[in-house]
Amino acid sequence: MKQSLLVKLFERSEGNVKVLVVGSGGREHALAWKLLQSDTVRQVICVPGNGGTARLAGCQNLPLSVDDFEEIAQAAQTADLVVVGPEVPLAEGIVDHLRSKNIPAFGPTKAGAQIEASKSWAKALMQAARVPTAKGATFTNLEAAKAYIQDQGAPIVIKANGLAAGKGVTVATTVEQALAAVAAAQGKFGAAGNQVLIEECLTGPEVSVLAITDGLTIRPLLPAQDHKRIGEGDTGENTGGMGAYAPVPLVTANQMAQIQQEILEPVLKALRSQQIDYRGVLYAGLMFTPAGPKVIEFNCRFGDPETQAILPLLETPLDSLLLACVEQRLAEFPAIAWKPGASACVVMAAAGYPGAYAKGEEITGIDQAEQLANVAVFQAGTQLQEQKLLTEGGRVLGVTAWGEDFDQALAQAYAAIDCIEFNGSYYRRDIGYRVRLGTTTP
Ligand code: AMP
Ligand code: GLY
């Protein structure tokens, strides 16, 4: 046993690590890109990947479904590490399957993924761990939910219980809106909406703190801020995320220490007390309320597009960090090292997103954009067809740049966008506006 571990470590130092990344978004392109910058990584396989990972040197796409755990396990037989990007396979138990075959996988088990997949479970866990969060109650009965809303008044927040691709939340400003949202949630979200969580409405800037853990030790990455709304000035419909930046100047070192002590560590302890061996990302979606940081939600995976903004600043080899989690060695692992400066990711989306949008538009100019210094164009909804790169999803590209400060990073990201074209492309011109205002208050 010991000897085979030594052989593995030796192979690693020779630059032989092979990683399989599950997913097909901008987040997975960024993970593959960062992994391949490590001296020890020889090869990345993306399942199924996208147009960006198809063209990345050292990376190969494997066209399997992310739900086909057995096929993925077969493909991962010779992998040193599997990194699972999206929440759906995690919630369905991909890591349980891989672990049962002794395949080292970074990501929580099905039990751990409930922290994202069931908002009512997560709320109960937070309450048990005494973590600061919005006051909330879970309902399965429409009439009881309506009575609660009448009693609490507006503003109030209605959340479908299960995974709803970021679309299960209504922040209702009137009681009528809240009543309409619970009525709709009963039918609209299928199994995900059979339970609703009704929550106190919090106010304040939102910050994403992604932390990595081996189940015993937990360490935050740089804090990041997403831009969830489609319109400039944070207006219009919610989306998967229209851009992100890292770090967040608003968040002080003291606040990060407070988040570590009052949120991350108690939650990890609560997971352990339920015999959940959580080795992956614990992503805290926080609101900086006048009473301090409170949790809005937890996700069980890397954020998208936060990951695209965070990873360019990471100095520590990503494979060694993730392997330290999988092998439960995070306590002995050196402090995570970061480049100084700032990073920003601006999402280019297809016209119509987050509603119906066209596919199959040809994308040009990515090579020119990537010739600019400190730029990476992470592809999300793209497909490579006969050497042509075509749009394939709503969020198409995450155009990312980094520099000595936010002015540099943002100017470079928008300069890169100016090189890129596809029919109907849409992007927000105000990513990072809160940093520029010198405040992150909405
Ligand atoms: P989620 O799907 O949980 O990320 O929620 C989507 C968005 O709804 C969040 O990014 C917040 O802007 C908003 N939201 C969720 N919960 C609350 C809350 N308790 N108070 C105010 N806004 C919230
Ligand atoms: N950026 C939001 C998310 O990953 O859920």
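The shown structure was predicted, so the numbers you read here are calculated from the model rather than taken from an experiment.

Undergrad: Explain the site of ligand 2 to me, please; I cannot follow it from the model alone.
TA: Asp-226, Gly-240, Tyr-283, Asn-299, Arg-301, Gly-303, Asp-304, Pro-305 and Glu-306 make up every residue found near ligand 2. In the environment of ligand 2, an oxygen atom lies 3.5 Å from a nitrogen or oxygen atom belonging to the side chain of Asn-299. Within the contact set of ligand 2, a nitrogen atom lies 2.9 Å away from a backbone nitrogen or oxygen of Asp-304. Of the residues belonging to the shell around ligand 2, the class tally is two nonpolar, three polar and four charged.

Undergrad: What's the story with the sheet that holds strand β6 (residues 136–139) in this structure? I'm lost.
TA: Strand-to-strand pairing in sheets goes through backbone hydrogen bonds, with the strands running parallel or antiparallel. On the basis of which strands lie adjacent, the open sheet formed by four strands has the order β6-β9-β7-β8 and antiparallel pairing. Both edges of this open sheet fall to β6 and β8 (169–172), since each of them pairs with a single strand only. Pairwise comparison of adjacent strand axes, ignoring direction, gives a mean angle of 20 degrees for this sheet. Here four bridges tie β6 to strand β9 (residues 196–200), and the two strands are oriented antiparallel to one another.

Undergrad: In this structure, what is going on with the packing of helix α8 (residues 119–129) against helix α11 (residues 253–273)? I would like to understand it.
TA: Geometry of a packed helix pair, given as the angle between the helix axes and the separation of the axes. The N-to-C vectors of α8 and α11 enclose an angle of 110 degrees; their axes lie 9 Å apart at closest approach. Overall, the two elements α8 and α11 adopt an arrangement that is roughly perpendicular. Between α8 and α11, the contacting residues are Trp-121, Leu-125 and Ala-129 on the first element and Pro-266, Val-267, Ala-270 and Leu-271 on the second. Taken together, the residues of the contact of α8 with α11 sort by class into seven nonpolar, no polar and no charged.

Undergrad: I'm lost on the pairing of strand β18 (residues 342–349) in this one. Help?
TA: Each regular strand carries side chains that alternate between the two faces of the sheet. Within β18, eight of the eight residues are buried, which leaves the element mostly enclosed by the surrounding structure. Side chains of β18 alternate between two faces, with Ala-342, Ala-344, Val-346 and Met-348 and Ser-343, Cys-345, Val-347 and Ala-349 buried alike. Pairing of strand β15 (residues 243–246) with β18 involves four bridges; the strand directions are antiparallel. Residue Ala-246 lies in a different strand from β18, and its bridge partner there is Ser-343. Here eight bridges tie β18 to strand β22 (residues 395–403), and the two strands are oriented antiparallel to one another. Bridged to Ser-343 within β22 is Trp-402.

Undergrad: What's the story with the nonpolar core in this structure? I'm lost.
TA: Across soluble globular proteins, nonpolar side chains have a tendency to be buried as a group. Counting 78 residues, the largest nonpolar core has Leu-20, Val-82, Ile-94, Ile-115, Phe-298, Leu-397 and Ile-420 as its most contacted members. Sequence-distant contacts of Leu-20, defined by excluding residues within four places in its chain, comprise Ile-45, Val-47, Ile-72, Ala-75, Ala-76, Ala-79, Leu-81, Val-82 and Val-83. Counting residues in hydrophobic clusters, the runner-up holds 46 residues, among them Leu-31, Leu-322, Ala-324 and Trp-402.

Undergrad: Quick question: what am I supposed to make of the site of ligand 1 here?
TA: Surrounding ligand 1, one finds 15 residues, the nearest of these being Glu-199, Glu-200, Leu-202, Glu-206 and Glu-297. Contact between ligand 1 and Lys-119: an oxygen atom at 3.5 Å from a side-chain N or O atom of the residue. A distance of 3.0 Å separates a nitrogen atom of ligand 1 from a polar side-chain atom of Lys-159. Considering ligand 1 on its own, with 480 Å² of exposed area, one finds that the protein chains cover 92% of that surface. Elements with a minimum of two residues in the shell around ligand 1: β7 (156–160), β8, β9 and β17 (292–299). Tallied by class, the residues present in the shell around ligand 1 amount to eight nonpolar, no polar and seven charged.

Undergrad: Looking at this model, I keep getting lost on the pattern of salt bridges. Mind explaining?
TA: Charged atoms that come close allow side chains of opposite charge to pair. In the structure shown here, the tally under the stated rule is 17 salt bridges. Measuring nitrogen to oxygen at the nearest pair gives 2.9 Å for the salt bridge that ties Glu-28 to Arg-27. Judged by its relative accessible area of 1%, Glu-28 falls in the buried class. The exposure class assigned to Arg-27 is buried, which follows from its relative accessible area of 7%. Residue Lys-159 is joined to Glu-199 by a salt bridge in which the shortest nitrogen-to-oxygen separation is 3.3 Å. Taken together, the residues span a long stretch of sequence, with Lys-159 in strand β7 and Glu-199 in strand β9 at a distance of 40 residues. Via salt bridges that share partners, Asp-234, Arg-428, Asp-430 and Arg-434 belong to a single interconnected network.

Undergrad: Explain the sheet that holds β22 here, please?
TA: The five strands lie next to each other as β12-β15-β18-β22-β19, forming an open sheet whose pairing is antiparallel. A single partner strand is all that each edge strand has here, and the edge strands are β12 (225–226) and β19 (375–379). Helix-sheet contacts for helix α2 (residues 26–36) involve β19 and β22, and the interaxial angle to β19 is about 130 degrees. Packed onto the sheet, helix α15 (residues 406–419) meets β15, β18, β19 and β22 and runs at close to 25 degrees relative to β18.

The rules behind the values
- Residues numbered from 1 in each chain as written.
- Chains lettered and ligands numbered in written order.
- Predicted model: local features only at pLDDT ≥ 70, side-chain atom pairs only at ≥ 80, totals over all residues.
- Heavy atoms only, no water.
- Near = heavy atom within 4 Å.
- Polar contact = N/O pair within 3.5 Å; in protein donor to acceptor, adjacent residues only side chain to side chain.
- Nonpolar A, V, L, I, M, F, W, Y, C, P; charged D, E, K, R; others polar.
- Pairing = 2+ DSSP bridges.
- Helix = DSSP H or I, 4+ residues; strand = E, 2+ residues; numbered from the N terminus.
- Axes fitted to C-alpha atoms, helices over the stretch in contact; angles between N-to-C directions.
- Parallel < 35°, antiparallel > 145°, perpendicular 65-115°, else oblique.
- Contact = heavy atoms within 4.5 Å.
- Buried < 20%, exposed > 50% of the residue type's maximum accessible area, 1.4 Å probe, protein only.
- Core = buried A, V, L, I, M, F, W, Y, C linked by side-chain atoms within 4.5 Å.
- Areas by Shrake-Rupley, 256 points an atom, 1.4 Å probe, with all protein chains shown as cover.
- Salt bridge = Lys/Arg side-chain N within 4 Å of Asp/Glu carboxyl O.

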